[in-house]
Amino acid sequence: MSRFAVLALLVCLGACSASPEQETATLSELEAAAGPVAGPTQILPGDIAKLQVVESPAVGAVVADREHYTLYFTTQDGPSKSTCLEPECTLVWPPLLAAGGKIEAPGLDQALLGTTKRPDGLEQVTIAGKPVYRYVDDEGAGDATGHGVDDKWFAISPTGTKASR
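How each quantity is defined
- Residues numbered from 1 in each chain as written.
- Predicted model: local features only at pLDDT ≥ 70, side-chain atom pairs only at ≥ 80, totals over all residues.
- Heavy atoms only, no water.
- Pairing = 2+ DSSP bridges.
- Helix = DSSP H or I, 4+ residues; strand = E, 2+ residues; numbered from the N terminus.
- Contact = heavy atoms within 4.5 Å.
- Phe/Tyr/Trp six-rings, centres within 6.5 Å; stacked < 30°, edge-to-face > 60°.
- Buried < 20%, exposed > 50% of the residue type's maximum accessible area, 1.4 Å probe, protein only.
- Lys NZ or Arg CZ within 6 Å of the ring centre and 35° of its normal.

Student: Even after reading the chapter, I still don't get the sheet that holds strand β7 (residues 123-127), so can you show me in this structure?
Tutor: In a beta sheet, neighbouring strands pair by backbone hydrogen bonds and run either parallel or antiparallel. Taken in spatial order, the three strands make up an open sheet running β6-β7-β8, and their pairing is antiparallel. Strand pairing shows two members of the sheet lacking a second neighbour, β6 (113-117) and β8 (130-131), which therefore form its edges. As paired elements, β6 and β7 share five bridges and run antiparallel to each other. Bridged to T115 within β7 is V125.

Student: How do you make sense of the environment of A58 when you look at a structure like this?
Tutor: For A58, the location among the structural elements is in the loop between β2 (52-56) and β3 (60-64). Linking A58 and R165, residues 107 residues apart in sequence, is a C-alpha distance of 8.0 Å. Residues within four places of A58 in sequence aside, it is in contact with A144 and R165.

Student: It is not clear to me how the packing of aromatic side chains should be interpreted in this structure. Could you clarify?
Tutor: Aromatic rings considered in pairs are described by the distance between their centres and by the relative angle of their planes. The full count for this structure, using the stated rule, is six aromatic pairs. Note on F73 and F154: the rings are 6.1 Å apart at their centroids and 40 degrees apart in plane angle, and the pair reads as tilted. A residue pair is termed long-range when its members are at least 10 positions apart, and F73 in strand β4 (residues 72-74) and F154 in strand β9 (residues 153-155) qualify at 81 residues. The pair formed by F73 and F154 is uniform in burial state, with each residue classed as buried. Both rings, one in W93 and one in Y135, keep their centres 4.2 Å apart while their planes meet at 25 degrees; by these two values the pair is stacked. Placement of W93 in the loop between α3 (87-90) and β5 (103-104) and of Y135 in the loop between β8 and β9 is noted, with a sequence separation of 42 residues between them. A residue is classified by how much of its surface remains accessible, and W93, at 5% relative accessible area, is buried. It is R134 that lies over the ring of Y69; its NZ or CZ is 4.0 Å from the centre.

Here it is as structure tokens:
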């Protein structure tokens, strides 16, 4: 038997004979070791934020991203200034980013659209001066499950105000 085959056999036997007390890392442990996951906030050079107006069965007309997911604002943000900066917030409320401030939004008043620079240097989309976010628990297009969360997160209407029927 070659040295390589013996080595492969030993590795295989070692892996198979691990004691039950040796557990594998949980997903949260792996995420903590790797750092926060960017998810929807990740952009590529030249990415354009694409916005559209969609009808949410729960709250009426809302602004949505390119995948038709409802966008939100928080009452804790200042004009063109995000307060959702830590992973505890951004993993639940990923900011909508636009490379180079590029935004396409047919059907929306262009005067309401803009960006604000985050501390990491990325540009976050704003509507009527409000930085906007997605909500991680929205499972499908048109969901607005983040509307009213903690009485400070609200779906954003096409006019830049709190969406409502």
